[in-house]
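Okay, here's what each chain looks like letter by letter:
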Amino acid sequence: MHDLIHQYYTCLTITSSRMNTLRIKNSILYYTVNIKNSKDVTFCTISALPSEDYIYVEWIGFVNEIEASKIACRKVVDFIERSGKILLLNDNRKQTGPWPPIEKWLGEVWIPAMRNAGLKMFAHLYSPSYFTELSAKTNLRDTVGGIEFGHFNSEEDAKGWLANQDEALPKV
């Protein structure tokens, strides 16, 4: 097992305890990080694995810290840039409650940053929580800023949509 990699930020710790492979693409290793809030509770996990064509982002619990959420979103952009992957599976099934009040920031900063990093397709898995689902429906429309968004209740449907979209995208 590889040593823990720790990066400390103002309000949270990003911890990578699991190096899934040593394969290098665009000068980085594929890896998984767990992002913790100020209470040291993991609220977001981001993975870029060579066995998958997409980046996987899982949001967990009640995500209500604005700055921690922004840092997690920036880390997603970092994963897109470093992995070269153009597909993302955003999983809210374990998230509860509404999103923190960062809707304007998502539209003005995060979505354009993901597009500029190369993201083309964003599959969103709804949470069973009504308020979390409502936040997603309000903020993640079908196409925003050049990124195609798909919304799903099942992981199988989301992965199928990403696979179909990836096949339709022009290859560079």
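Draft legend 1. Highlighting unusual backbone geometry. Phi at D40 is positive, roughly 65 degrees, even though this residue is not glycine. Among the structural elements, D40 can be located in the loop between β5 (32-36) and β6 (42-48).

Draft legend 2. Seen up close, helix α2 (residues 103-117). Helix length check: α2, at 15 residues, gives a terminal C-alpha distance of 20 Å against a target of 21 Å (1.5 Å per residue), a fit within 8%. Helix geometry: α2 is bent most strongly at W110, by close to 30 degrees, with proline P112 lying one to four residues after it. Those residues of α2 that sit buried are W105, L106, W110, I111, P112, M114 and A117. Once α2 finishes, G118 follows within two positions and takes phi at roughly 115 degrees, a positive value.

Draft legend 3. Fine view of helix α1 (residues 66-83). With 18 residues, α1 should reach 26 Å at 1.5 Å per residue; the first-to-last C-alpha distance of 26 Å fits that figure. Here α1 lies mainly inside the structure; 13 of its 18 residues are buried. Following α1 by one or two positions, G84 adopts a phi angle in the positive range, close to 75 degrees.

Draft legend 4. Representation of the environment of S127 within the structure. By the secondary structure assignment, S127 is in the loop between β9 (121-125) and α3 (130-139). We classify S127 as buried; its relative accessible area is 3%. With 35 residues separating them along the chain, S127 and N92 place their C-alpha atoms 4.8 Å apart.

Draft legend 5. Inspection of the packing of aromatic side chains at higher detail. Counted by the stated rule, this structure contains 5 aromatic pairs. A ring pair is formed by Y31 and F79, whose centres lie 4.9 Å apart and whose planes are at 50 degrees; its orientation type is tilted. On the criterion of sequence distance, the pair formed by Y31 in the loop between β4 (28-29) and β5 and F79 in helix α1 is long-range, its members being 48 residues apart. We note that Y31, like F79, is buried. An angle of 40 degrees between the planes, with centres 6.1 Å apart, marks the rings of F43 and W59 as tilted.

Draft legend 6. Looking closely at the side chain of H124. By the secondary structure assignment, H124 is in strand β9. Look at H124 and you get buried, because its relative accessible area is 1%. At 3.1 Å, the side chain of H124 forms a polar contact with the side chain of N90.

Draft legend 7. Summary view of the pattern of salt bridges. Scanning all chains against the criterion turns up 8 salt bridges. A salt bridge links D91 to R93, with the nearest nitrogen and oxygen atoms 2.7 Å apart. Residue D91 is classed as buried on the basis of its relative accessible area, which comes to 1%. For the salt bridge of R93 with E155, the shortest nitrogen-to-oxygen distance reads 3.0 Å. In this pair, R93 is assigned in strand β8 (residues 87-96) and E155 in helix α4 (residues 155-168), connecting sequence segments 62 residues apart. Through salt bridges that share partners, D91, R93, E155 and K159 make up one connected network.

Calculation rules
Residues numbered from 1 in each chain as written. Predicted model: local features only at pLDDT ≥ 70, side-chain atom pairs only at ≥ 80, totals over all residues. Heavy atoms only, no water. Helix = DSSP H or I, 4+ residues; strand = E, 2+ residues; numbered from the N terminus. Expected span 1.5 Å × (residues − 1). Bend = angle between axes of the 7 residues up to and from the residue. Buried < 20%, exposed > 50% of the residue type's maximum accessible area, 1.4 Å probe, protein only. Phe/Tyr/Trp six-rings, centres within 6.5 Å; stacked < 30°, edge-to-face > 60°. Polar contact = N/O pair within 3.5 Å; in protein donor to acceptor, adjacent residues only side chain to side chain. Salt bridge = Lys/Arg side-chain N within 4 Å of Asp/Glu carboxyl O.

By themselves, these are just geometric observations and shouldn't be taken as functional.
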